[in-house]
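Below, each chain spelled out in residue letters.
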Amino acid sequence: MAIPSLQELTAKTLLSNEAAAIHVLKELPKGLFVPLFTAAFSGGHTKILKEMVRVWPFQCLHIGTLSREESFHDIMEAMIDGLQMVPAQNSSTCRPKLRILDLRQEQDCQTTCRVIKSTSPLCSQACIYSQHSVLKVGEAQHNVGCLRNVNSGSEPQSAWEPREILLDLSISDNLRRKQFLSFLQSKVEQSYGSLHLCCRGLHVDSMSGDKSILQFLDLGCTEHLEVEEGDLSEFTPFFTEMIHLVTLSLSNISSTVCAGRNFRAFLTWLGQQDNLQDLFMCSFCLKSQLHRLLRVLPPQLDTLYLSYCCLSKADITALSQSSQASHLMQLTLSNNQIFLEDYKPFQALLEKASDTLMHLEINNCLMTDSTLSAILPSLSHCSRLRGLNLGSNPITMPVLRRLTQHLTSLMELKHVIYPVPLHCFEEEVFQGTLDQEKLAEVKAQLMEILQVVQRDDMNWITSPE
């Protein structure tokens, strides 16, 4: 166990007397703010957190890796309550310094940003897209002030200093989440237009739920969107402002026909996402329409996840011939009967993606012995492959053994989910009742193959167990 630093011990001592801690905040050395904030957040000290935000001596505050399941929304509300709105022409020497409050849980983010030089942005995470952002409003206020002083010598009109809250939001039927959204809405209404809600990540449980909060969010800032249920007809109208998405995840999105007006509107909107890197689609029928989707997607796509999308031979052919195929690092085609007609389009896809592909999932795709044997050479050429999921496919033991022997040559491949061979099911009925003794024998044989070629670093597990 690491020995606590002097700063951490001081913070712990201060927190033992909440009233005294609040009283001394204005005289607290800068060096104690971060350790005290960390301790107060972890301990759920909402009153201290609120007062710390009021007198925070830096221009930005990030919760970063801090996490607390219990009373999380209470902590968020206390911190937002502490964010002060002041007139831009306030000449007080005690005016609050905090301008950007980042309530997202980010792994690569420190509590405050170091000021490297005066010309650099006030925060590395500051919004760069919205005209309502701290950066853009600050620049506009400065320019207007300079023009008025030059032209008339008069003081610029009073305005409120911009403040920015970075956050990830979830719209659902959860009562506490609804209360938090109502709280945010009231704060925006009371801010004289100076509070910018920069929603970087938005999760929507269902498009049929209450979406009134969307009118208070600047959706042009959103980089990650996840929608779990809805109809395509109600999807696009709500998210037309989103043009800077990096990640898009859509599940259980229904549409009467993918060739209709709603699908065309969706494709038009998707074609504006030049920054898109990761696309996840589950239970979204794309049968014989994937070519239209690929046509509007950026070629530099990193991740393509298409599960339960009713993909056909024509769709896999289109993917193998697309500009995205040679850039993909993660590809999921699970739960589609893509090998029912022909394996050659998928074989061509593997050959085109072999230089970049790192994770491949083709779980439950009705892949048989003959299919796997045919694509095995192409699969063996995917030299950067690190993870492979072939689970829930009807394969026999001899072919599984061949698969193991081939894959051991891929030195970056560490994790493999392999299908339970047919003989392990009672009466050899695929996905029937498992014979655990036979399965144990299979695991022992594969382990022996791995040990012989000194690939103990590979982790092989079965699906289903």
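Calculation rules
Positions within a chain are numbered from 1, following the residues in the order the chain's sequence is written. Totals for whole chains, interfaces and linings use all residues, but because this is a predicted model, local features are given only for residues with pLDDT of at least 70 and pairs of side-chain atoms are given and counted only at 80 or more. Excluding hydrogens and water, the side-chain values take into account all heavy atoms of the structure. A helix here means a DSSP run of H or I that spans at least four residues, while a strand means a run of E at least two residues long, and both kinds are numbered starting from the N terminus. Any residue under 20% of the maximum accessible area for its type is buried, any over 50% is exposed, and the rest in between are partly exposed; the area is computed with a 1.4 Å probe on protein chains only. Contact between two residues is taken to exist if any of their heavy atoms lie within 4.5 Å; hydrogens are not considered. All axes here are fitted lines through C-alpha atoms, helices being fitted over the stretch that makes contact, and every angle between N-to-C directions spans 0 to 180 degrees. Here the angle decides the label: under 35 degrees means roughly parallel, over 145 means roughly antiparallel, 65 to 115 means roughly perpendicular, and every other value means oblique. Two helices crossing with the near one rotated counterclockwise from the far one by less than a right angle form a left-handed crossing, whereas a clockwise rotation gives a right-handed crossing. Any residue that is not Ala, Val, Leu, Ile, Met, Phe, Trp, Tyr, Cys, Pro, Asp, Glu, Lys or Arg is counted as polar, Gly included; the first ten are nonpolar and the last four charged. Side-chain atoms within 4.5 Å link the members of a nonpolar core, which is a set of buried Ala, Val, Leu, Ile, Met, Phe, Trp, Tyr and Cys residues. Whether two aromatic rings pair depends on their centres lying within 6.5 Å, for rings of Phe, Tyr and Trp, where Trp uses its six-membered ring; planes under 30 degrees apart make the pair stacked, over 60 edge-to-face, and the rest tilted. Definition of a polar contact: a pair of N or O atoms within 3.5 Å, with one able to donate and the other able to accept a hydrogen when the atoms are protein atoms, and with sequence-neighbouring residues admitted only if both atoms are side-chain atoms. What counts as a salt bridge is simple: a side-chain nitrogen of Lys or Arg found within 4 Å of a carboxyl oxygen of Asp or Glu. Following DSSP output, two strands are said to pair if at least two bridges run between them. Note on scores: pLDDT gives the predictor's confidence for each residue, bounded by 0 and 100. Helix span, as expected, comes to 1.5 Å for every residue beyond the first. Here a crossover is taken to be right-handed if, once the strands point away from the viewer, the path from the first strand over the helix to the second is traced clockwise.

Student: Got a minute to help me understand the overall build of the chain in this structure?
Tutor: Scanning the chain for helices and strands turns up 15 helices and 15 strands. Oriented by its inertia axes, the alpha-carbon framework of the chain measures out at about 85 × 60 × 45 Å. Relative to its 465 residues, the chain shows a buried fraction of 48%. Of the contacts made within the chain by residues no fewer than 6 positions apart, 74% connect residues no fewer than 24 positions apart.

Student: Can you walk me through the packing of helix α3 (residues 30-43) against helix α4 (residues 46-54) in this structure?
Tutor: When two helices pack together, their arrangement is given by the angle between their axes and by how far apart the axes lie. Two numbers describe how α3 lies on α4: the axes approach to 9 Å, and their chain directions differ by 150°. The orientation of α3 relative to α4 falls into the category roughly antiparallel. Our pair here, α3 against α4, has a crossing hand that is left-handed. Facing α3, whose interface residues are F33, L36, F37, A40 and F41, α4 presents I48, L49 and M52. Tallied by class, residues from the contact of α3 with α4 come to eight nonpolar, no polar and no charged.

Student: How should the nonpolar core be read in this particular structure?
Tutor: Across soluble globular proteins, nonpolar side chains show a tendency to be buried alongside one another. Ranked by internal contacts, the top residues of the largest apolar core, which has 124 residues, are M79, L202, F239, F266, L333 and F346. The greatest single-element share of this core, amounting to six residues, is contributed by α3. The next biggest cluster of nonpolar side chains, apart from the first, holds ten residues, and it includes C60, A126, V134 and L166.

Student: When you look at the packing of aromatic side chains in this model, what are you seeing that I'm missing?
Tutor: Two descriptors summarise a pair of aromatic rings, namely the distance from one centre to the other and the angle between the planes of the rings. For the structure on display, the rule yields 15 aromatic pairs. Centre to centre, the rings of F235 and F266 are 5.9 Å apart; their planes meet at 70°, and the pair counts as edge-to-face. Taken together, the residues F235 in helix α8 (residues 232-235) and F266 in helix α9 (residues 261-270) connect sequence positions 31 residues apart. Classification of F235 as buried rests on a relative accessible area of 1%.

Student: Is there a simple way to explain the side chain of S191 in this structure?
Tutor: Relative to the assigned elements, S191 resides in the loop between α7 (175-189) and β4 (195-204). Side-chain polar atoms of S191 contact the backbone oxygen of V188, separated by 2.8 Å.

Student: What should I look at first to understand the pattern of salt bridges in this one?
Tutor: Where charged atoms from two side chains of opposite charge come close, those side chains can pair. Under the defined criterion, the tally for this structure stands at twelve salt bridges. We note a salt bridge from D342 to K313, for which the minimum N-O separation is 3.8 Å. With a gap of 29 residues between them, D342 in the loop between β11 (330-332) and α12 (344-353) and K313 in helix α11 (residues 313-320) connect regions that are remote in the sequence. Under the relative-accessibility criterion, K313 is labelled partly exposed at 32%. In the salt-bridge network here, residues are joined through shared partners; they are D74, E77 and R176.

Student: I would appreciate a short explanation of the pairing of β4 in the present structure.
Tutor: Residues in a regular strand point their side chains to alternate faces of the sheet. Burial within β4 is extensive, with ten of its ten residues counted as buried. Relative to β4, strand β3 (residues 163-171) is paired through nine bridges, and the arrangement is parallel. From the neighbouring strand, I165 faces β4, where its bridge partner is L197. Inspection of the sheet shows β4 paired to strand β5 (residues 224-227) by four bridges, in the parallel sense. By the bridge assignment, L202 is partnered in β5 with L225.

Student: What exactly am I supposed to notice about the packing of α12 against helix α13 (residues 369-380) here?
Tutor: Two elements in contact, α12 and α13, have axes separated by 8 Å at closest approach and are oriented at 10°. Judged by the inter-axis angle, α12 sits roughly parallel to α13. Of the residues in α13, those in contact with F346, Q347, L350 and E351 of α12 are A374, I375, S378 and L379. Looking at the contact of α12 with α13, its residues break down into five nonpolar, two polar and one charged.

Student: Would you explain the confidence of the model for the chain in this entry?
Tutor: The predicted coordinates of low-pLDDT regions are not to be read in fine detail. When the pLDDT values of the chain are averaged, the result is 88; 91% of them are 70 or greater. Contacts from residues 116-120, a stretch scored under 50 in pLDDT, to residues over four places away or in other chains number zero contacts. Here residues 153-158 is modelled with pLDDT under 50, and outside its nearest four sequence neighbours on either side it reaches twelve contacts, counting other chains as well.

Student: So what exactly am I meant to see when it comes to the environment of L294 here?
Tutor: Examined against the element boundaries, L294 turns out to sit in helix α10 (residues 290-296). We classify L294 as buried; its relative accessible area is 6%. If we skip the residues at most four places from it in the chain, L294 touches L304, A318, L319, S322 and Q324.

Student: Teacher, can you tell me more about α3 here?
Tutor: Given 3.6 residues per turn, any residue in an α-helix points the same way as the ones three and four places further on. Taking 1.5 Å of rise per residue, the 14 residues of α3 would be expected to cover 20 Å, and the 21 Å separating its terminal C-alpha atoms lies within 8% of that figure. Where α3 is buried, its residues touch α1 (6-15), α4, β1 (60-64) and α5 (72-82). Downstream of α3 by a residue or two, G44 has a phi angle that is positive, lying close to 70°.

Student: Sorry if this is basic, but what is going on with unusual backbone geometry here?
Tutor: Glycine aside, the phi torsion of most residues is negative, and most peptide linkages are trans. Even without a glycine there, the phi angle at S283 is positive, about 55°. With respect to the helices, strands and loops of the structure, S283 is situated in the loop between β9 (278-282) and α10. With relative accessibility at 27%, the residue S283 sits in the partly exposed group. The phi angle at Q454 is positive, at roughly 60°, despite the residue not being glycine.

Student: Explain the pairing of β9 to me, please; I cannot follow it from the model alone.
Tutor: Across the five residues that make up β9, a large majority, four, are buried. Strand direction decides the pairing type here: strand β7 (residues 247-251) and β9, joined by five bridges, are parallel. Bridge pairing in β9 places S249 opposite F280. Pairing of β9 with strand β10 (residues 303-307), which is carried by five bridges, proceeds in the parallel orientation. Opposite D278, over in β10, you have T303 as the bridge partner. Of the crossover connections in this fold, the one passing from β9 over α10 to the parallel β10 is right-handed.

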